[in-house]
Amino acid sequence: MQMKSNHTKTAAVAFAALVISVLVGHAESPGIRNCTWCHGGSAQGYTPAPRLAGQRAGYIEQQLVSFGKHTRDSPFSRQYMWGATATLSPQAVRDLALYFSQLPPRPANDGDRELVAAGEAIYQRGIPEANIAACVACHGPKAEGVGAIPRLSGLAYTYLKRRLEQWSEGYHGALPAPMPHIARNLSRSQIEGLASYLSFVK
Ligand code: HEC
Ligand code: HEC
């Protein structure tokens, strides 16, 4: 309870800071509402836009920069995020990343329950015979993310599945490694298992 109210308080402070920075000289930075009309009222995601609440600040920042530079280039990135980031100042990028990272995330819980065990096994142990590293090594024991490595826990099934498929389809994320190599070696059913498992992790 204590923690929750602290969280809310920090988010409120960050929000106030953002509003102030918009008022005092960053008038060009679009407000939070320019993001939440696609990403959902409390940034919990609204298909096809993923949840931003609780995502790592460093990761959000890196993605916004990469949309702005047109490095992250999937069809939805081009259609929605290239425009949304075109006029963001570096300060607005940092403020938005901090604000969204501090909102409490809710799990999507929308995967296939029958695939959860198979997905969890790959997440925790990898697939040694196929030389696929355990996801846990980078994304953390509860898929909460580490540093600028993203939180995966509770993201929507369709978003996770699409992301994991896009690296094999030749689209790019922000970074050239390690995800393209990892994702290209996953089969369709392994991707469905991972996306199902992760959608339920709190
Ligand atoms: C017109 C709809 C739309 C608007 C407006 C929009 N987004 Fe997005 N956003 C999307 C979609 C769709 C995606 C998924 C892109 C993909 O699948 O490659 C996305 C992806 C993202 C991601 C990547 C998340 C991840 O987990 O990798 C971030 C970060 C993001 N948006 C932040 C923002 C911010 C901050 C704003 C406001 C400045 C914003 N978006 C405005 C639709 C939108
Ligand atoms: C060696 C470290 C490492 C390992 C192991 C790893 N990841 Fe990642 N993952 C990353 C990094 C770094 C990114 C950010 C990539 C980018 O921005 O282009 C990422 C991004 C992702 C994303 C995109 C999240 C979003 O919000 O769009 C998904 C999904 C993902 N990883 C799933 C997995 C799965 C599933 C596994 C295990 C099969 C795995 N990762 C193993 C480092 C790793």
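Our subject is the structure listed above.
These figures come from a predicted structure and were not determined experimentally.

With 23 residues, the main nonpolar core has Tyr 123, Leu 152, Leu 186 and Leu 198 as its most contacted residues. Only helix H6 (116-125), helix H8 (157-166) and helix H10 (188-200) provide two or more residues apiece to this core. For this core, the leading source of residues is H10, giving six residues. Ignoring any residue separated from it by four or fewer positions in sequence, one finds Leu 198 in contact with Tyr 123, Ala 143, Leu 152, Ser 153, Gly 154, Leu 155 and Leu 160. Leu 52, Ala 97, Tyr 99 and Phe 100 belong to the second largest nonpolar core, which has 18 residues in total.

The next subject is the coordination of the iron atom of ligand 2. For the iron atom of ligand 2, the protein coordination sphere consists of His 139 (NE2) and Met 179 (SD), at 2.1 to 2.3 Å. Angles of 86 to 178° at the metal separate the six donor atoms of the iron atom of ligand 2, which places the site in the octahedral class. With His 139 in helix H7 (residues 136-139) and Met 179 in helix H9 (residues 179-184), the pair connects residues that are 40 residues apart, well separated along the chain. Using a relative accessible area of 9% as the deciding quantity, one classes His 139 as buried.

A few words now on the site of ligand 1. Around ligand 1, a shell composed of 23 residues is seen, among which Cys 35, Cys 38, His 39, Ser 77 and Met 81 lie nearest. Within the side chain of Tyr 59, a nitrogen or oxygen atom sits 2.6 Å from an oxygen atom of ligand 1. Within the side chain of Arg 162, a nitrogen or oxygen atom sits 2.9 Å from an oxygen atom of ligand 1. Of the residues contributing to the shell around ligand 1, the split by class is 17 nonpolar, four polar and two charged.

Where H8 contacts H10, the axes come no closer than 9 Å and their chain directions differ by 140°. Helix-helix and strand crossings are classified by hand; for H8 and H10 the assignment is right-handed. Residues Tyr 157, Leu 160, Lys 161, Leu 164 and Glu 165 of H8 form the contact with H10, whose own contacting residues are Ile 191, Glu 192, Ala 195, Ser 196, Leu 198 and Ser 199. Residues of the contact of H8 with H10, tallied by class, amount to six nonpolar, two polar and three charged.

What counts, and at which threshold
Sequence order sets the numbering: in each chain, residues are counted from 1 along the sequence as written. Whichever chain is written first becomes A and whichever ligand is written first becomes 1, with later ones labelled in order. A pLDDT threshold of at least 70 governs which residues receive local features in this predicted model, and a stricter bar of 80 or more applies before side-chain atom pairs are shown or counted, although totals over entire chains, interfaces and linings include all residues. Note that water and hydrogens are dropped before the side-chain values are worked out from all heavy atoms of the structure. Working definition of a nonpolar core: buried Ala, Val, Leu, Ile, Met, Phe, Trp, Tyr and Cys residues. They are joined through side-chain atoms within 4.5 Å. For every residue, the accessible area (1.4 Å probe, protein chains only) is compared with the maximum for its type, and the residue is labelled buried under 20%, exposed over 50%, or partly exposed between those bounds. Secondary structure elements are defined from DSSP: runs of H or I of at least 4 residues count as helices, runs of E of at least 2 residues count as strands, and each element is numbered from the N terminus. When checking whether two residues touch, look at their non-hydrogen atoms; a contact exists if any pair is within 4.5 Å. Because water is not among the atoms used, a metal site may look incomplete, as its donors are only the N, O and S atoms within 2.8 Å, or 3.2 Å for Na, K and Ca. Any site counts as irregular unless it has four donors with all angles between 85 and 135 degrees, making it tetrahedral, or four or six donors with opposite ones more than 155 degrees apart and the rest between 65 and 115, making it square planar or octahedral. Whether a residue is near a molecule or strand depends on its heavy atoms: it is near if one of them lies within 4 Å of it. Two N or O atoms form a polar contact when they lie within 3.5 Å of each other; inside protein one atom must be a possible hydrogen donor and the other a possible acceptor, and for residues adjacent in sequence the pair counts only when both atoms belong to side chains. We call Asp, Glu, Lys and Arg charged. Ala, Val, Leu, Ile, Met, Phe, Trp, Tyr, Cys and Pro are nonpolar, and the rest, Gly among them, are polar. Axis lines are fitted through C-alpha atoms, for helices just across the contact stretch, and the angle between N-to-C directions can take any value from 0 to 180 degrees. The hand of a helix crossing depends on one turn: near helix anticlockwise from the far one by less than a right angle means left-handed, and clockwise means right-handed.

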